[in-house]
Amino acid sequence: MNVRRSAAVLAATVVIGTATPAVAASPSPSPSLPSGLYGSGDPTYDGVWRQSFALIALHRVDVEPAAAAVDWLAGQQCANGAFPAYRADPAKACDAKLMVDTNSTAAAAQALSAAGGHGGAVTKAVNWLKSVQNKDGGWGFAPGGASDANSTSVVIGALAAQDIPVPQVRSGGKSPYDALLKLSLPCADGGAFAYQPDKKGKLTANADATAAAVVAARGTGPLTAKAGAPAKSTCADTPDLTPARAAANGASFLAGAVAKDGYLKSALPGAENQPDYGNTADAVVALAVQSGPEAARGPLTWLERNSAKWARQSGPAAYAQLILAAEAAGTDPGDFGGTDLVKQLTAMGPAPAPAPAPATESQDDSGTSVWWVVGAGLAAGAGIGFLLSGRNKRKRP
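About the cut-offs
- Residues numbered from 1 in each chain as written.
- Predicted model: local features only at pLDDT ≥ 70, side-chain atom pairs only at ≥ 80, totals over all residues.
- Heavy atoms only, no water.
- Helix = DSSP H or I, 4+ residues; strand = E, 2+ residues; numbered from the N terminus.
- Buried < 20%, exposed > 50% of the residue type's maximum accessible area, 1.4 Å probe, protein only.
- Contact = heavy atoms within 4.5 Å.
- Areas by Shrake-Rupley, 256 points an atom, 1.4 Å probe, with all protein chains shown as cover.
- Axes fitted to C-alpha atoms, helices over the stretch in contact; angles between N-to-C directions.
- Left-handed = near helix turned anticlockwise from the far one by under 90°.
- Nonpolar A, V, L, I, M, F, W, Y, C, P; charged D, E, K, R; others polar.
- Polar contact = N/O pair within 3.5 Å; in protein donor to acceptor, adjacent residues only side chain to side chain.
- Disulfide = S-S within 2.5 Å.
- Parallel < 35°, antiparallel > 145°, perpendicular 65-115°, else oblique.
- Core = buried A, V, L, I, M, F, W, Y, C linked by side-chain atoms within 4.5 Å.
- Phe/Tyr/Trp six-rings, centres within 6.5 Å; stacked < 30°, edge-to-face > 60°.

Draft legend 1. Representation of the overall build of the protein chain in the model. A tally of regular secondary structure across the protein chain gives 15 helices and 2 strands. Expressed as a percentage of its 397 residues, the buried residues of the protein chain come to 47%. Excluding contacts between residues fewer than 6 apart, the proportion of contacts in the protein chain whose partners are at least 24 apart in sequence is 62%. Approximately 18,200 Å² of the protein chain is accessible, and the part contributed by carbon and sulfur atoms is 55%.

Right, dumping it as structure tokens:
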């Protein structure tokens, strides 16, 4: 989902114990921010979301976050397993006035799963998500709200992180995939996904929803997504639409949308030619997952050239999105158009845990350094010296 949450999403909230959405009160102008939280902006609407994606992104690049960052996120959870967008006083028990949502809960479940050591909290979050699944198999932002592609997709990501078979998570006989497929458009309309049907039941292509749904239809999410095998995504209508087919159709739509300019355009009124950086990063992930890294090369290159200012202004969730895009497309997040995305993200929160000191030598039982023996042999055979690097190579997930 785009880091810039829409006004409709921000206003869609729920009171614990009821399915009636309510309008949230205006955020305080300058809340006191806890030391474990990433970013300096008002966290009222996105504290848990940005923290979760920061932790997920750091996990993808093998950086262990500070314990304070993980503890802050874990402390946001309510006793029933749900997460609000932000809880200013975690010491105060969640009450009937606190608003929780599926997006924050699903994102936090993935982040805590990545951090490790919070299995109980993750299980409670997933169980709560299951308890508020709609009868069509999907989820809305607020429990009880109409299912939408973005919310259903982020919950699928949480299920995937726990190796829970998505088709087996059912409500009213329907799975999350059933809900997504209902939002898939035919090829005559581009093969995209809609966010939700309008009041008349009409589906309209939505690039943000499409990027999220393509990844989810492949049975994965931001924590577990991996680049797929190289393939050309084409749109094809089939009598029995499958998640895999719908994902390919959606990727075909995204490929066409970024083909000319390299980016997705903003859907905001009056901004027809304005780039949407967050959606473009999400599209990179979707294209790489569905069709391989090369399919995402165009929009990725555009982001490398143009996203630095946007990321600085938007904060930790933006850097996390770019890290996830770089990871999916096989580009080093440490040198993304000249920017070290990981350094920029970690600078916006508590310092990460120190990396383990690399081993400088390995000894056999006799006490003789194995590396010394190997090195001496190489030097004698090739007439050259060698240097052991103390830098750990970054592992691909």
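Draft legend 2. Just the packing of helix α8 (residues 207-217) against helix α9 (residues 243-258), in detail. One can describe the packing of α8 onto α9 by two numbers: an axis separation of 8 Å at closest approach and a directional angle of 145°. Considering only the axes of α8 and α9, their crossing is left-handed. Each of Ala 207, Thr 210, Ala 211, Val 214 and Ala 217 in α8 lies in contact with α9, whose residues at this interface are Pro 243, Ala 244, Ala 247, Gly 250, Ala 251, Phe 253 and Leu 254. Of the residues assigned to the contact of α8 with α9, the class counts are 10 nonpolar, 2 polar and no charged.

Draft legend 3. Layout of the environment of Thr 210. Residue position: Thr 210 is located in helix α8. Thr 210 gets classed as buried once you look at its relative accessible area, which sits at 0%. As for Thr 210 and Ala 283, which are separated by 73 residues in sequence, their C-alpha atoms are 8.2 Å apart. Excluding residues that lie within four positions of it along the chain, Thr 210 makes contacts with Ala 192, Phe 193, Gly 250, Phe 253 and Leu 254. In this structure the side chain of Thr 210 is engaged in a polar contact, spanning 2.9 Å, whose partner is the backbone nitrogen of Phe 193.

Draft legend 4. Structural detail: the state of the cysteines. Enumeration over the complete set of coordinates arrives at 2 disulfides. Residue pairing for Cys 78: its cysteine sulfur links by disulfide to Cys 94, the two sulfurs lying 2.1 Å apart. Judged by the sign of its S-S torsion, about -85°, the cystine formed by Cys 78 and Cys 94 is left-handed. Separated by 16 residues along the polypeptide, Cys 78 in the loop between α3 (67-74) and α4 (102-115) and Cys 94 in the loop between α3 and α4 bring together distant segments of the chain. Across a sulfur-sulfur distance of 2.1 Å, Cys 187 and Cys 235 are joined as a disulfide pair. Measuring handedness by torsion sign, the sulfur bridge of Cys 187 and Cys 235 sits at about -95° and is left-handed. Taken as a pair, Cys 187 in the loop between α7 (176-182) and α8 and Cys 235 in the loop between α8 and α9 lie far apart in primary sequence, 48 residues in all. Relative accessible area serves as the criterion here: at 22%, Cys 187 is assigned to the partly exposed category. Numbered by position along the chain, the disulfide-linked cysteines of the protein chain connect as 1-2, 3-4.

Draft legend 5. Region of interest: the packing of α8 against helix α10 (residues 277-291). Direction vectors running N to C along α8 and α10 enclose 30°, while the axes themselves pass 8 Å from each other. On the basis of their axis angle, the class for α8 and α10 is roughly parallel. Here α8 runs over α10; the crossing is left-handed. For the pair α8 and α10, contact is made by Asp 208, Ala 211, Val 214 and Val 215 and by Asn 279, Asp 282, Ala 283, Val 285, Ala 286 and Gln 290, respectively. Broken down by class, the residue content of the contact of α8 with α10 amounts to 6 nonpolar, 2 polar and 2 charged.

Draft legend 6. Quick peek at the nonpolar core. Of all hydrophobic cores here, the largest spans 95 residues; its most connected members are Leu 73, Leu 254, Leu 322 and Leu 345. Ranked by the residues each element gives to this core, the list is headed by helix α13 (residues 316-328), at 9 residues.

Draft legend 7. Fine view of the packing of aromatic side chains. Enumeration over the complete set of coordinates arrives at 5 aromatic pairs. The interplanar angle of 35° and the centroid separation of 4.7 Å between the aromatic rings of Trp 49 and Phe 53 together place this pair among those described as tilted. Taken as a pair, Trp 49 and Phe 53 lie in helix α2 (residues 47-60) at a separation of 4 residues, close to a single helical turn. Overall, the relative accessible area of 2% leaves Trp 49 in the buried class. Judged by relative accessible area, Phe 53 falls into the buried class, the value being 9%. Consider the rings of Trp 72 and Tyr 86, whose centres lie 6.2 Å apart with planes at 25°: the pair is stacked. Taken together, the residues Trp 72 in helix α3 and Tyr 86 in the loop between α3 and α4 connect sequence positions 14 residues apart. In this structure, Trp 72 and Tyr 86 share a single accessibility class: buried. Three or more aromatic residues joined by ring pairs form one cluster here, namely Tyr 263, Tyr 277, Trp 302 and Trp 310.

Any functional reading would require information beyond the geometric quantities listed.
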